[in-house]
Amino acid sequence: MATARIPIPIKPEEDLNSFRIAMRQFDTAAEKCGLEPGLREVLRRPRRSLSLSLPVKMDDGTIRVFDGYRVQHSSARGPCKGGIRYHPNVTFDEVKALASWMTWKCAIVNIPFGGAKGGIVCDPRQLSKNELEHLTRRYAYEISPIIGPDKDIPAPDVYTDAQTMAWIMDTYSMTHGSSAPGVVTGKPLFLGGSFGRNEATARGCLFVIRSACEVTGIKLNRATVAIQGFGNAGSIAAELLAQNGATIIAVSDSRGGILNRAGLNVTALLEHKAKTGSVVGLPNSDPISSEDVLELQCDILVPAALENQITLENVDRIQARIVAEAANGPTTPDADIVLYKRGVLVIPDILANAGGVTVSYFEWVQDLQELFWDEDDVNRRLERVMVKAFADVHSASKKYDVDMRTGAYVVGIERVANATRTRGIWP
Ligand code: GLU
């Protein structure tokens, strides 16, 4: 007698290469909006990619060589724009993906920039301030032929901050013979930074979450929120969402997560993080893993850490009704399909975290005109931009009957393609 075979469900292997993911997302949207084949070839790959070896004399006198990258994806709509990431897992392909996401992001919020990204393979937590300064200055020097206020304008990203930008601004200025605050954004306020820039990614995220709540019928002041990642975007998002009445039930950082279903005290949480360097161990909270934070029963999930966090492996356990991607690339294309089918509203990274680069644009404008705005002015302008961008993306997703990510890509691609087509291919 033949024994019945019980099929063992095997999850197919997912391709987690960020650049191939970015190209797959692009291809899906390019197909939907009928982009012509020639432009498809132009827009799916980066315009210019620089790979660097960066020697640094360490504090103990030894020499170490770090790998660094700067990728300029597109300058069709204006100077290239995008952050610099310091992380041990940075790869060239990741930087290429991040650069292309900047192109679509800038187009979606309709600011006159193309896209770029930089990265250095290093663990900044293992480097002294002196070593970080030398590494940053060497990198700034090596990319200085291709950056500039009207060429390519770097900004902070994962594990870089206003101090990093000040070193880059200084290195560029000293080697060019004049002070050039417009060469980077995310600078300290007293060096030509903008009010509201530090909070901009999170504040932009809040504005699109509000719009998403309107279309889904969720009340933000009664919503529960889980946040993965407690860096610049995640921690300030927690603060702003709590101020708007939401209940932050869980957060995590690279050391682990914490949960309190009745709501974490965000003021105490920020103090705890500032004091101990982590969210872990906050009084009145239970420890959970960083992965568990993603899978909690909640209304709004904010992935604010790194790429490939919501994958085929865990997507079936995601319970949130809105996913607001404060991080770049947290959801894989296969997971996207599952979430869309289940009716989860994903506010894609290239929309959800575009507040950062929007206020970077405001900073650059203020630097160039040497006239500075107050914080209310910055925040009001940011709100206008984000609300409009959400509406544009939402109506594109309805028009083409696609998920919000594909809708966002369509908006971005149509704007960049239009600029490229109208400028023509040089020479
Ligand atoms: N690193 C941020 C991002 O991924 C900001 C980039 C910028 O301000 O240029 O959008």
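You'll find the structure just up there.
One structure accompanies this document, and this report is about it. (Residues numbered from 1 in each chain as written. Predicted model: local features only at pLDDT ≥ 70, side-chain atom pairs only at ≥ 80, totals over all residues. Heavy atoms only, no water.)

**So, the overall build of the protein**
Item 1. The helix and strand inventory of the protein stands at 14 helices and 12 strands.
Item 2. Since a compact globule built from 427 residues should have a radius of gyration of about 22 Å, the 21 Å found for the protein is in line with a globular shape.
Item 3. Looking at the 427 residues of the protein, the share that counts as buried comes to 59%.
Item 4. Taking contacts inside the protein between residues at least 6 apart in sequence as the whole, the part at least 24 apart equals 68%.
Item 5. Carbon and sulfur atoms form 52% of the exposed surface of the protein, whose accessible area is close to 18,600 Å².
Item 6. Averaging the locations of the 48 positively and 50 negatively charged side chains of the protein gives two centres separated by 4 Å. (Helix = DSSP H or I, 4+ residues; strand = E, 2+ residues; numbered from the N terminus. Rg over C-alpha atoms; globule rule 2.2 N^0.38 Å. Buried < 20%, exposed > 50% of the residue type's maximum accessible area, 1.4 Å probe, protein only. Contact = heavy atoms within 4.5 Å. Areas by Shrake-Rupley, 256 points an atom, 1.4 Å probe, with all protein chains shown as cover. Lys, Arg positive; Asp, Glu negative; His and termini not counted. Charge placed at Lys NZ, Arg CZ, Asp CG, Glu CD.)

**Side note on the sheet that holds strand 6 (residues 224-228)**
Item 1. Across the sheet, which stays open at both edges, the seven strands sit in the order 9-8-7-6-10-11-12 with mixed pairing between neighbours. With partners counted over all chains shown, the strands left at the sheet margins are strand 9 (286-288) and strand 12 (345-347), one partner each. Ignoring which end each strand starts from, the neighbouring axes of this sheet average 20° apart.
Item 2. Relative to strand 10 (residues 300-303), strand 6 runs parallel, the two being bridged by four bridges. Residue pairing across strands places valine 225 opposite isoleucine 300, the latter belonging to strand 10.
Item 3. Along the sheet face, helix 7 (residues 232-243) touches strand 6, strand 7 (247-253) and strand 10 and points at about 170° away from the line of strand 6. (Pairing = 2+ DSSP bridges. Axes fitted to C-alpha atoms, helices over the stretch in contact; angles between N-to-C directions.)

**Observations regarding the packing of helix 13 (residues 375-399) against helix 14 (residues 404-423)**
Item 1. The geometry of helix 13 relative to helix 14 is characterised by a closest axis approach of 7 Å and an angle of 105° between their N-to-C directions. The angle between helix 13 and helix 14 falls in the class roughly perpendicular. Along its contact with helix 13, which presents Lys388, Phe390, Asp392, Val393, His394, Ala396 and Ser397, the element helix 14 presents Met404, Gly407, Ala408, Val411 and Arg415.
Item 2. A breakdown of the residues in the contact of helix 13 with helix 14 according to their chemical character gives six nonpolar, three polar and three charged. (Parallel < 35°, antiparallel > 145°, perpendicular 65-115°, else oblique. Nonpolar A, V, L, I, M, F, W, Y, C, P; charged D, E, K, R; others polar.)

**Some details on the site of the ligand**
Item 1. Around the ligand sit 14 residues, and of these Lys81, Lys105, Pro156, Asp157 and Ser360 come closest.
Item 2. Within the contact set of the ligand, an oxygen atom lies 2.7 Å away from a side-chain nitrogen or oxygen of lysine 81.
Item 3. Between proline 156 and the ligand, the recorded distance is 2.9 Å, taken from a backbone N or O atom to a nitrogen atom.
Item 4. Protein coverage of the free-state accessible area of the ligand, which is 300 Å², stands at 95%.
Item 5. Grouping the amino acids of the shell around the ligand by side-chain chemistry returns four nonpolar, five polar and five charged. (Near = heavy atom within 4 Å. Polar contact = N/O pair within 3.5 Å; in protein donor to acceptor, adjacent residues only side chain to side chain.)

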